[in-house]
Amino acid sequence: MRAIEIIEPGGPEVLEWREVPEPRLERGDVLIDVAASAVNRADVHQRNGFYDPPPGAPPYPGLEVSGVVAEVGADVEQFKVGDEVCALLAGGGYAERVAVPWQQVMPVPDGVPLPVAAALPEAACTVWSNVFMVGRLRRGETLLVHGGASGIGTFAVQLAKALGSHVVATVGSADKAERVRQLGADEVVNYREGDFAEKVKADVILDIMGAKYLAGNVRALRTGGRLVVIGLQGGRKAELDLGALLAKRASVHGTTLRARPVDEKGVIVRSVVDNVWPLVGAGAVRPVVYAEIPMAEAAEAHRMLDSGEHVGKILLVR
């Protein structure tokens, strides 16, 4: 089969469409003929040499796919050949085929075209597990989403709004602000025009920036607030004012999804299917796709992501 290989750490030009070995199907795996994958920030970090796949994962980038079941392992009863599915991966999505534990496979939600479904697994599982399972966001509370125009951000805005929360998002331009408002954000803050912490008070904060935003996030938390850090685009280390945290009886959580054990991912996936897929099927939450690029041209998709101009997901289609 063919897949996108990273020939050496570097820019988008190091991504090449090459012949590679077929994936090995284990007893509990589902083999998927890939219709599409999606580009995530983690793929860029892997391309740059900063984010190696977990042990046992394919070396190719790609944390989510949609496609058709081509084969199932001997212990798999939940899916059959021909099923249209999407899946959360530890790696290997930029390929013609991928083998994935059945626990990480989901049916395509009603009304979603098969290629577009590749935009869902990583965003849905990340948002549901962090905002609702870890952050415990409740109806009527305020969610602050950093990077509201990203794939994660556009999904978080819609899902929190659909479940009855007040939603605030940060963005970097007027155009992105308008797009995020159209998705349901009640307030949008342009981070280039002032300190978000002076304008927002939130019960839950979903943060992709890490160190750069830590102090501001703590200031923006309400009493009993929950800060959930899922990215380090603004650095790894910062000083934490424990006094401010204690005074607010607040908490800080750091989580990742990619390296979790299969059983933990399976719990998240099943919860997403039960709680999020009905909202997607009803049209209350929808995947936001910025562009569809042929998979062999993954370098162009990475250039697009690096530019920061996109809103929503960039798909790699076959």
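Residues numbered from 1 in each chain as written. Predicted model: local features only at pLDDT ≥ 70, side-chain atom pairs only at ≥ 80, totals over all residues. Heavy atoms only, no water.

Examining the pairing of strand β5 (residues 84-88)
So, point 1. Burial runs high along β5: four of the five residues are buried.
So, point 2. Sheet topology note: the strand β4 (residues 64-72)/β5 ladder contains five bridges and is antiparallel. When the bridges of β5 are listed, Ser66 appears paired with Cys86. (Buried < 20%, exposed > 50% of the residue type's maximum accessible area, 1.4 Å probe, protein only. Helix = DSSP H or I, 4+ residues; strand = E, 2+ residues; numbered from the N terminus. Pairing = 2+ DSSP bridges.)

Considering the nonpolar core
So, point 1. If you look at the biggest cluster of nonpolar residues, it comprises 49 residues, and the most contacted ones within it are Phe155, Leu159, Val272 and Trp277.
So, point 2. Ranked by residues supplied to this core, first place goes to helix α2 (residues 121-134) with seven residues.
So, point 3. Among all residues touching Phe155, those that are not within four sequence positions of it are Leu120, Ala123, Ala124, Val127, Val276 and Val285.
So, point 4. Counting 27 residues, the second largest nonpolar core, distinct from the first, contains Val30, Val34, Val39 and Val105. (Core = buried A, V, L, I, M, F, W, Y, C linked by side-chain atoms within 4.5 Å. Contact = heavy atoms within 4.5 Å.)

Quick word on the environment of Ser150
So, point 1. Looking at the secondary structure, you find Ser150 in the loop between β8 (142-145) and α3 (151-162).
So, point 2. The spacing of Ser150 and Asn40 is 110 residues in sequence and 9.5 Å in space, taken between C-alpha atoms.
So, point 3. Polar contacts involving the side chain of Ser150 include one to the main-chain amide nitrogen of Gly153, which spans 2.9 Å. (Polar contact = N/O pair within 3.5 Å; in protein donor to acceptor, adjacent residues only side chain to side chain.)

A word on the layout of surface pockets
With a probe scaled to a water molecule rolled over the atoms, the places where space remains empty come into view.
So, point 1. The volume enclosed by the largest pocket comes to roughly 1400 Å³.
So, point 2. What lines the largest pocket is a set of 48 residues, and nearest its centre among them are Arg41, His45, Ile208, Gly231 and Gln233.
So, point 3. Split into classes, the residues belonging to the lining of the largest pocket amount to 19 nonpolar, 21 polar and eight charged.
So, point 4. In this model, the second largest pocket occupies a volume close to 510 Å³.
So, point 5. In terms of lining, the second largest pocket is formed by 31 residues, of which the most central are Gly56, Ala57, Pro58, Ala90 and Ala99. (1 Å grid on protein atoms, 1.4 Å probe; cavity = no way out; pocket = protein on both sides within 12 Å on 5 of 7 lines; lining within 4 Å. Points joined across faces, edges and corners; volume = space filled by probe spheres on them. Nonpolar A, V, L, I, M, F, W, Y, C, P; charged D, E, K, R; others polar.)

A look at helix α4 (residues 174-182)
So, point 1. The complete set of buried residues in α4 reads Lys176, Ala177 and Val180. The arc that holds every buried residue of α4, seen down its axis, measures 105°, which confines them to one face. With respect to the buried face of α4, the exposed residues turned more than 90 degrees away are Ala174, Asp175 and Gln182.
So, point 2. Those residues of α4 that are buried lie in contact with α3, β9 (166-171) and β10 (187-190).
So, point 3. Just past α4, the residue Gly184 takes up positive phi, approximately 120°. (Arc of directions from axis to C-beta.)

A closer look at a nonpolar patch on the surface
So, point 1. A surface patch of nonpolar side chains, amounting to about 360 Å² of accessible area, comprises Leu240, Leu242, Leu246 and Val252.
So, point 2. One can find Val252 in strand β13 (residues 251-254). (Patch = residues over 30% accessible without salt bridge, like charges linked within 9 Å, V, L, I, M, F, W, Y side chains within 5 Å. Areas by Shrake-Rupley, 256 points an atom, 1.4 Å probe, with all protein chains shown as cover. Salt bridge = Lys/Arg side-chain N within 4 Å of Asp/Glu carboxyl O.)

A short note on empty space enclosed by the protein
So, point 1. Counting across every chain of the model gives one cavity of 30 Å³ or more.
So, point 2. Space inside the largest cavity adds up to approximately 40 Å³.
So, point 3. Surrounding the largest cavity, Ala119, Ala123, Gly151, Thr154, Phe155, Gln158, Arg286, Pro287, Val288 and Lys313 form its lining.
So, point 4. The biggest single contributor to the lining of the largest cavity is α3, with four residues.

Concerning the environment of Gly312
So, point 1. The residue Gly312 is located in the loop between α9 (298-307) and β15 (313-317) in this model.
So, point 2. Classification of Gly312 by relative accessible area gives buried; the value is 3%.
So, point 3. Remark: the alpha-carbon pair of Gly312 and Pro287, spanning 25 residues in sequence, is separated by 7.8 Å.
So, point 4. Contact partners of Gly312, with chain neighbours within four places excluded, come to Ala149, Ser150, Gly151, Thr154 and Val288.

Comments concerning the packing of aromatic side chains
So, point 1. Summed over the entire model, instances satisfying the criterion amount to two aromatic pairs.
So, point 2. Plain terms: the ring middles of Trp128 and Phe132 are 4.9 Å apart, the flat faces sit at 20° to each other, and that makes the pair stacked. Placement of the pair is Trp128 and Phe132 together in helix α2, with a separation of four residues, close to one helical turn. Across the pair, exposure class does not vary: Trp128 and Phe132 are buried alike.
So, point 3. With a centroid separation of 5.0 Å and 45° between ring planes, the pair formed by Phe196 and Tyr213 is classed as tilted. Placement of Phe196 in the loop between β10 and β11 (202-207) and of Tyr213 in the loop between β11 and α5 (214-220) is noted, with a sequence separation of 17 residues between them. Comparing Phe196 with Tyr213 shows no difference in burial state: the two are buried. (Phe/Tyr/Trp six-rings, centres within 6.5 Å; stacked < 30°, edge-to-face > 60°.)

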